[in-house]
Amino acid sequence: MFSLSETIQAYFGRFSHIMSKADITTLALFSSVALALLIVYRRAKRITVSHIPGPAPESFLLGNLPEIFLSQAGVPDFKYQQAYGDVVRVKGPFGEDRLLISDPKALQYIFHTSGTLTAHFVLMSISYGFLKWPERTEISRILMGRGLLWADGMVLSDLRVLHHVTASYECNELMPSSAPECKAFVPIFRRVGSESPALLSLPSSNLMQPLTAQWSDILASSSDQCAVFNVASWLSRATMDSIGEGDDVLLCYYFARYLTFCLIAAFDYQFGALQNADDEFMKAYFGLMSDTLGSPPKSAIFMQTILPIWVLQLRSRYSRSRNLVHARHTAELANAVTRKLVDSKAEALLQGKGNKDILSLLVKANASEKANIRLTDEEMLAQMRTILLAGHETSATTLCWVLLELARNPDVQKKLRDEIRATESAIHARGDADFTAVDLENMTYLSAVIKESMRFHPALYQNYRQAADDNVLPLSKPIKTLDGNYVDELPIPKGIKIILSIAAYNRNTEIFGDDANVYNPDRWFRQPGEKKGPSLGVYGNLLTFAGGVRVCIGWRFALYEVLALTVEIINNFELLPTPDLARLRREACLVMLPTLEGEQLKGENLPLRVKIAPRD
Ligand code: HEM
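Cut-off values and rules
Residues numbered from 1 in each chain as written. Predicted model: local features only at pLDDT ≥ 70, side-chain atom pairs only at ≥ 80, totals over all residues. UniProt positions renumbered as here; feature names shortened; annotations may be inferred. Helix = DSSP H or I, 4+ residues; strand = E, 2+ residues; numbered from the N terminus. Buried ≥ 20, exposed ≤ 12 C-beta atoms within 10 Å, placed from the backbone. Contact = placed C-beta atoms within 7 Å. Pairing = 2+ DSSP bridges. Axes fitted to C-alpha atoms, helices over the stretch in contact; angles between N-to-C directions. Expected span 1.5 Å × (residues − 1). Arc of directions from axis to C-beta. Parallel < 35°, antiparallel > 145°, perpendicular 65-115°, else oblique. Left-handed = near helix turned anticlockwise from the far one by under 90°.

- For the chain, the name recorded in an unreviewed UniProt entry is Cytochrome P450, with Psilocybe cyanescens as its organism.
- Taken directly from UniProt, the Pathway (unreviewed entry) text for the chain runs: "Secondary metabolite biosynthesis; terpenoid biosynthesis."
- Its UniProt record gives the chain the following Cofactor (unreviewed entry) comment, quoted word for word: "heme".

Structure below.
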């Protein structure tokens, strides 16, 4: 082996006929030093995450995490975006560098490009460059068990779910790109919301009293035909009932992580949540998120961030802290409900009365499998609990924010009601009794209101990912680094934790216009040419349902549910703001829940004044 200076000397030795030996040695030494300096300089100039501007940490121990996890949802995201742009360096514990990203191209890379979904016969494999934060998946495990939201990486149970579901379905039924399965559920959403006699006569063993009928009764008995409702509580129960309903395959769809397919919501079960607000199961679910995840103490943020997962697991199993006791109690109730369902499906199958809902299919497929590849009880229940929570809390919250904006913007509310009633007249004129999925889709102002509300108030405001390997993020526009240079791509190290800000992306002015920070449904009628940026989300290019290989599996279901319930409520009622809204918070507890300042522990609260909407 030659040293660097010997190599250089050997090279310059070729010129010995024109240079003395001393000159060659000096030149070789000089070149070695220059080369070494160049390497050091290039290293120093190499852009790393620490060169990216960001807020000063609150403390060395916790960095910026208290502000990020204790503020109202989206508030730090918007603040950092304004001050530092769409890629922000934030600090974790002990000075660790993290990123908060709302840059469209970087997000597209993380959500879409870095993940691929490959079909091999009936199996699908997913390679995925950004995994979930382990401490966040532990939260999913506590709330929902080892289901779809929890899983990451090559999880055996995915293979099993995939196997069972594909064994039960024709492949084309699993891809609801035209969404016929979801549309088929519009009558159920309408029934949950409505008082239409035609729909009430749908066969049902335990028919709940619909939401509008109950509101109408309460208003009729009040002296001024007006009442203040905690709309959040009502909607939470209405969407729980929607999830529980359904006689057929609800929605189905692809995967999650490396291998998977789908899961489904048709439980073929009626929770009766609207009818019975005191139901123990419903009471446990109501307030679960705000109680277990809202405003965590700093010590909890610290522990969650630095403790190994097995310690967190022990803590969640044995801790006597109120929020963890609540989470365990809800898990037990949910397991009991879903276990009963599984047993009743198994019994029905034995008697040859099997239904076509997903649970029946799973039970059937599972029973016919060899023992070593059967879904365990725990796996089966976890998938069902995931659908229960992911499907009900998000839709209920979204509806809350839709109704809040309608109460705050009476012009928008009136315009929407006019469109709904004009459509209703057309439906009656053609001899039909009720809105169909196509009627809902064709209401352009309704669609603009829902898109705008989902843009402005995404129920899930952040996603949390960690780079599986060293990687390079492409950027939509160059970033000015702390030392004054510009970079148009950002190298990131393996393991770096990234917050994908759905809330901040949804307010990106380059994509949604200079007035992106204003609620304005009319923006959706602007020329499409005005929108720029890569294709990211499944609905209006919003990130509200995430995107790519881990997109929300229930987005179409949720969309029809929100459309149908909004139509039902606005057609029948006028919504007005109350003075309490001055205390309204966007509570950051994984899902962005409405709560009132000073009463966060009471759970979701959206107090709106409700009147019957007069007809001409
Ligand atoms: C407006 C309502 C909804 C919103 C805003 C929403 C949003 C989201 C988002 C942002 C994700 C990605 C989460 C992550 O990767 O960490 C997600 C995943 C998921 N959603 Fe939804 N969702 C809604 C309704 C539903 C419904 C109705 C269901 C079921 C019936 C559902 C089931 C799921 C499941 C199982 C996942 C996990 C997918 C995976 O990780 O592979 N969601 N949802």
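Past the structure itself, the notes keep going.
### Quick notes on the overall build of the chain
Then, number 1: Scanning the chain for helices and strands turns up 25 helices and 14 strands.
Then, number 2: The buried share of the chain, reckoned over its 616 residues, is 46%.
Then, number 3: Contacts in the chain between residues at least 24 apart in sequence constitute 74% of all its contacts with a sequence separation of at least 6.

### Some thoughts on the sheet that holds strand 11 (residues 573-576)
Then, number 1: With antiparallel pairing, the three strands of this open sheet are ordered in space as 6-14-11. Either end of the sheet is taken by a strand with one partner, and the two such strands are strand 6 (226-230) and strand 11. Taken over all neighbouring pairs, the strand axes of this sheet differ in orientation by 35° on average, direction set aside.
Then, number 2: The sheet contact formed by strand 11 and strand 14 (residues 607-612) spans four bridges and is antiparallel. By the bridge assignment, Leu575 is partnered in strand 14 with Val610.

### Observations regarding helix 20 (residues 410-429)
Then, number 1: Here helix 20 contains 20 residues, and its C-alpha end-to-end distance of 28 Å stays within 8% of the 28 Å for a straight helix at 1.5 Å per residue.
Then, number 2: All buried positions along helix 20 are accounted for by Val412, Gln413, Leu416, Arg417 and Ile420. Each buried residue of helix 20 sits inside an arc of 130° when the element is viewed along its axis, so together they form one side. Facing away from the buried surface of helix 20 by more than 90 degrees, the exposed residues are Asp411, Asp418, Ala422, Ser425, Ala426 and Ala429.
Then, number 3: After helix 20 finishes, the residue Gly431 shows a positive phi value of roughly 90°.

### Quick notes on the environment of Leu581
Then, number 1: Within the secondary structure layout, Leu581 lies in the loop between strand 11 and strand 12 (584-589).
Then, number 2: It is 15 Å that separates the C-alpha atoms of Leu581 and Pro410, two residues lying 171 residues apart in sequence.

### Some thoughts on the UniProt feature "binding site: heme" (unreviewed entry) in the chain
Then, number 1: The sites that carry the UniProt feature "binding site: heme" (unreviewed entry) are, in the present numbering, Cys552.
Then, number 2: Following the sequence through the fold, Cys552 ends up in the loop between helix 24 (509-512) and helix 25 (555-572).
Then, number 3: By the C-beta count within 10 Å, which is 22 here, Cys552 ends up buried.
Then, number 4: Filtering out sequence-adjacent residues up to four positions away, Cys552 remains in contact with Phe545 and Ala546.

### Things to note about unusual backbone geometry
Then, number 1: Positive phi, normally seen in glycine, also occurs at Phe94, with a value near 55°.
Then, number 2: By the secondary structure assignment, Phe94 is in the loop between strand 1 (87-91) and strand 2 (97-101).
Then, number 3: Under the C-beta neighbour-count criterion, Phe94 is labelled exposed, with 12 such atoms within 10 Å.
Then, number 4: One non-glycine residue, Ala546, lies in positive phi territory at about 60°.
Then, number 5: Inspection of the secondary structure assignment puts Ala546 in the loop between helix 24 and helix 25.

### A closer look at the environment of Cys400
Then, number 1: On the secondary structure map, Cys400 appears in helix 19 (residues 377-408).
Then, number 2: Taking the C-alpha atoms as reference points, Cys400 and Ala232, separated by 168 residues in sequence, lie 5.9 Å from one another.
Then, number 3: Those residues in contact with Cys400 that lie beyond four places of it in its chain are Val231, Ala232, Leu235, Pro594 and Leu606.

### As for the packing of helix 20 against helix 22 (residues 444-456)
Relative orientation and spacing of two packed helices are given, respectively, by the angle between their axes and the distance between those axes.
Then, number 1: Following both chains from N to C, one finds helix 20 and helix 22 inclined at 140°, their axes separated by 8 Å at the closest point. By the angle between their axes, helix 20 is oblique relative to helix 22. With respect to the hand of their crossing, helix 20 and helix 22 are arranged in left-handed fashion. Contacts between helix 20 and helix 22 involve Val412, Lys415, Leu416 and Glu419 from the former and Tyr445, Leu446 and Val449 from the latter.

### Observations concerning the sheet that holds strand 7 (residues 462-467)
Then, number 1: An order of 1-2-10-7-5 is seen for the five strands of this open sheet, with the pairing classed as mixed. Among the strands making up the open sheet, the edge pair consists of strand 1 and strand 5 (130-132). Between one strand and the next, the sheet's axes are offset by a mean angle of 35°, whatever the strand orientation.
Then, number 2: Sheet analysis places strand 5 next to strand 7, joined by three bridges and oriented antiparallel. Of the residues in strand 7, the one forming a bridge with Lys132 is Arg465.

### Things to note about the pairing of strand 2
Then, number 1: In terms of burial, strand 2 is a largely internal element, four of the five residues being buried.
Then, number 2: The sheet contact formed by strand 1 and strand 2 spans five bridges and is antiparallel. Note that in strand 2 the partner of Val90 across the bridge is Arg98.
Then, number 3: A loop of five residues connects strand 1 with strand 2, the two strands running antiparallel in sequence, and Phe94 in this loop sits at a positive phi of about 55°.
Then, number 4: Here strand 2 pairs with strand 10 (residues 497-501) via three bridges, running parallel.

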